[in-house]
Amino acid sequence: MTALQFQGVGVTFASADGAREVLRGIDLQVAPGERVALLGRSGSGKSTLLNLAAGLLRPTQGQVIYDTPPRVGYVFQDARLLPWLRLDQNLALVSPPEYHPDIPSALTRVGLAGRGSDYPGQLSLGMAQRASLARALLIQPNLLLLDEPFGALDELTAGELRNQLSRLLRQQPVTTLLVTHHPGEAVLLSDRVVVLGGQPTQLLGELKIDLPPSRDPDDEGLLRLVRELRGLIHTAD
Amino acid sequence: MLRWGWPLLGLLSVVVAWSLLTRLLGPSTFPGPVDTLHFLNEQVRKAAFWGHIGITLWRVLVCFALALALGLPLGWLLGLSPVFSAFAGPWLAIGLTLPRILILLSAFLIVGLNEKALVTAITLILLPTVAVQVREAVRSLDPRLSDMARAFRLSRTKTWRWVILPQLWPTLLGLARVTLSLSWKMVVFGEVFGRTSGVGYMISFYFQQFEMRGILAYGVVMTLILSALDGGLAWLSRRGSTWQQPPGGEP
Ligand SMILES: Nc1ncnc2c1ncn2[C@@H]1O[C@H](COP(=O)(O)OP(=O)(O)OP(=O)(O)O)[C@@H](O)[C@H]1O
Ligand SMILES: [Mg+2]
């Protein structure tokens, strides 16, 4: 059973000097409920992969196959809230009416209690990112796409939010693709880490994360896997 | 003070400047505000006066509406389709650079000195400006927000109302204001040359009579009416304070 499958996926963008091949021969299968972290350098095509999964982009080669039509919750690299709508309206816009009573608690869960009537321009970058996470979780997605959800945050806040997200994902299990630069985050939040690299970008290796669902970022077993992952990234490079 | 005080002071300075100009040029050459008001006071009792004002206003609004009705879809197409935009490029270039008076006079010569010629010419004059501004607004739509709407499977109506329209709205309002004022100027122009009714016609009539008061009187009334219309549009664009967005509704 696979929820999502990349089959020989390649992406080539048209550019001023002809064509730029960004991704080549990506084969990836994601099981229902599985959480896969994607690790790779800046510009390697991680966001492009998520756009493929969301159906925003068609692959130039190969195909992206879904088991069931996905209901996608997407946390973009930039928060992409509508600046002319309040936070609660931003959340209401993407969700069916029966979810609207849940909006205040959805905001509370990401630490934005009582901020529903703020406009996105009144939030810090990190708060906007959390609102974007609340929006993605509110719609009860069956495919959650997270593009460096804590990239804009300081380590301290990011650390807190990683633990919080880990809890949220345990409460609300969902097939997840998580893009990150951070090996510790990858290990904490996923069941499998996939390392991307090369020119054009391919899958260079992967690491199964055999840890219990409830994880402690300072746990010795987890730290061992982080070290193993670092090694994998080095050899892949 | 900013809302009422300064504008009132500004208006007062206009009246003062007008009076000074009258002092300078002599009341027979350039009648002052009081003279003009007296003249206006006689005119507003006559049905003919309101008839001319009415017909001009009607022409202004018809040309304005036609230019928007044609220019919005045209600009939308131009913004979305590079092929159509490339093809239409020369047409727009001509439309934008051709002297407006040339379009107006050609229309009178070709179609005749009638209503159809006036409305056609002025709509054609307004159209390229509308289309080009809408094109630019459409091109500057944020593709990232459209991606967000697609990823969350927003319906077409919701995408239009809450993602696209708020981005276009400031341009549309500015466009409406500019188009309305241009329409008014061109209609008066056209009436001077090719019509036997309307404010433009009356201005040229008083011109031939050397009756400056008449010219000023019509000028004052039309300025008041159009300022009110423009003020309405400005009010619409101020609503929603922080973000210039179309009024009404909740998502
Ligand atoms: N719409 C597009 N048109 C042309 N080129 C694109 C487009 N989107 C992405 N690219 C190119 O594809 C490559 C990968 O971009 P992508 O945003 O997927 O990288 P990324 O791995 O997410 O990087 P980062 O970690 O910095 O976010 C880059 O070279 C980028 O210039
Ligand atoms: Mg990216």
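All of the points below concern the structure found in this document. Since we're looking at a predicted model, the values are computed, not measured. (Residues numbered from 1 in each chain as written. Chains lettered and ligands numbered in written order. Predicted model: local features only at pLDDT ≥ 70, side-chain atom pairs only at ≥ 80, totals over all residues. Heavy atoms only, no water.)

### Examining the overall build of chain A
Part 1: Secondary structure summary: chain A contains seven helices and nine strands in total.
Part 2: Computed over C-alpha atoms, the radius of gyration of chain A comes to 18 Å, within 12% of the 18 Å expected from 2.2 N^0.38 for 237 residues, which places it in the range of a compact globule.
Part 3: With respect to the three principal axes, the spread of C-alpha positions in chain A is 45 × 45 × 35 Å.
Part 4: For chain A, the residues scored as buried account for 53% of the 237 residues in total.
Part 5: Pairs at least 24 apart in sequence give 69% of the contacts found in chain A among residues at least 6 apart.
Part 6: Accessible surface, chain A as shown: approximately 10400 Å² in total, 50% of it carbon and sulfur.
Part 7: Where the 22 positive side-chain charges of chain A centre and where its 25 negative ones centre are 2 Å apart. (Helix = DSSP H or I, 4+ residues; strand = E, 2+ residues; numbered from the N terminus. Rg over C-alpha atoms; globule rule 2.2 N^0.38 Å. Buried < 20%, exposed > 50% of the residue type's maximum accessible area, 1.4 Å probe, protein only. Contact = heavy atoms within 4.5 Å. Areas by Shrake-Rupley, 256 points an atom, 1.4 Å probe, with all protein chains shown as cover. Lys, Arg positive; Asp, Glu negative; His and termini not counted. Charge placed at Lys NZ, Arg CZ, Asp CG, Glu CD.)

### Some remarks on empty space enclosed by the protein
Any empty space left between atoms is shown by rolling a water-sized probe over those atoms.
Residues and elements named next belong to chain B.
Part 1: Counting across every chain of the model gives one cavity of 30 Å³ or more.
Part 2: Forming the walls of the largest cavity are Leu126, Thr129, Gln133, Leu175, Val178, Thr179 and Leu182.
Part 3: Of all the elements in the fold, those that place two or more residues in the lining of the largest cavity are helix H6 (115-139) and helix H8 (156-194).
Part 4: If you tally residues by element for the lining of the largest cavity, the top one is H8, at four residues.
Part 5: Here the lining of the largest cavity is built from residues that sort into four nonpolar, three polar and no charged. (1 Å grid on protein atoms, 1.4 Å probe; cavity = no way out; pocket = protein on both sides within 12 Å on 5 of 7 lines; lining within 4 Å. Points joined across faces, edges and corners; volume = space filled by probe spheres on them. Nonpolar A, V, L, I, M, F, W, Y, C, P; charged D, E, K, R; others polar.)

### What to know about the sheet that holds strand E4 (residues 61-66) of chain A
Residue and element names in this part refer to chain A.
Part 1: Spatially, E2-E1-E4 is the arrangement adopted by the three strands of the open sheet, whose pairing is antiparallel. Both edges of this open sheet fall to strand E2 (18-30) and E4, since each of them pairs with a single strand only. Recorded for the sheet is a direction-independent mean angle of 25° between the axes of neighbouring strands.
Part 2: As paired elements, strand E1 (residues 4-15) and E4 share five bridges and run antiparallel to each other. The residue of E4 that forms the bridge with Leu4 is Tyr66.
Part 3: Where helix H1 (residues 46-54) meets the sheet, it contacts E1, E2 and E4, and its direction lies at approximately 120° from that of E1. (Pairing = 2+ DSSP bridges. Axes fitted to C-alpha atoms, helices over the stretch in contact; angles between N-to-C directions.)

### As for the interface of chain B and chain A
Part 1: Facing 18 residues of chain B, the contacting portion of chain A comprises 25 residues.
Part 2: Surface buried jointly by chain B and chain A totals about 2000 Å² across both partners, of which 65% is contributed by carbon and sulfur atoms.
Part 3: The salt bridge involving Asp78(A) is made with Arg144(B); its shortest N-O contact spans 2.6 Å.
Part 4: At the boundary of chain B with chain A, the tally comes to six residue pairs in polar contact (both at pLDDT 80 or more).
Part 5: Of all the secondary structure elements, the ones that give two or more residues to the side of chain B that touches chain A are helix H7 (143-151) and H8 of chain B.
Part 6: No other element matches H7(B), which puts six residues into the side of chain B that touches chain A.
Part 7: Here the side of chain B that touches chain A is composed, by residue class, of 10 nonpolar, two polar and six charged. (Buried area = accessible area lost by both parts, 1.4 Å probe. Salt bridge = Lys/Arg side-chain N within 4 Å of Asp/Glu carboxyl O. Polar contact = N/O pair within 3.5 Å; in protein donor to acceptor, adjacent residues only side chain to side chain.)

### With respect to the side chain of Arg215(A)
All names here are of chain A.
Part 1: Along the polypeptide, Arg215 turns up in the loop between strand E9 (202-208) and helix H7 (220-236).
Part 2: Separated by 2.7 Å, the side chain of Arg215 and the backbone oxygen of Val187 make a polar contact.
Part 3: Polar contacts involving the side chain of Arg215 include one to the main-chain carbonyl oxygen of Ser190, which spans 2.7 Å.
Part 4: Here Arg215 is in contact with Arg35, Val187, Leu188, Leu189, Ser190, Asp191, Ile209 and Leu222, once residues within four sequence places are set aside.

### Quick look at the coordination of the magnesium ion (ligand 2)
Residue and element names in this part refer to chain A.
Part 1: Protein coordination at the magnesium ion (ligand 2): the donors are Ser47 (OG) and Gln77 (OE1), at 1.9 to 2.2 Å from the metal. With Ser47 in helix H1 and Gln77 in the loop between strand E5 (72-75) and helix H2 (87-94), the pair connects residues that are 30 residues apart, well separated along the chain.
Part 2: Here Ser47 falls in the partly exposed class, since its relative accessible area comes to 25%. (Donors = N, O, S within 2.8 Å, 3.2 Å for Na, K, Ca; no water.)

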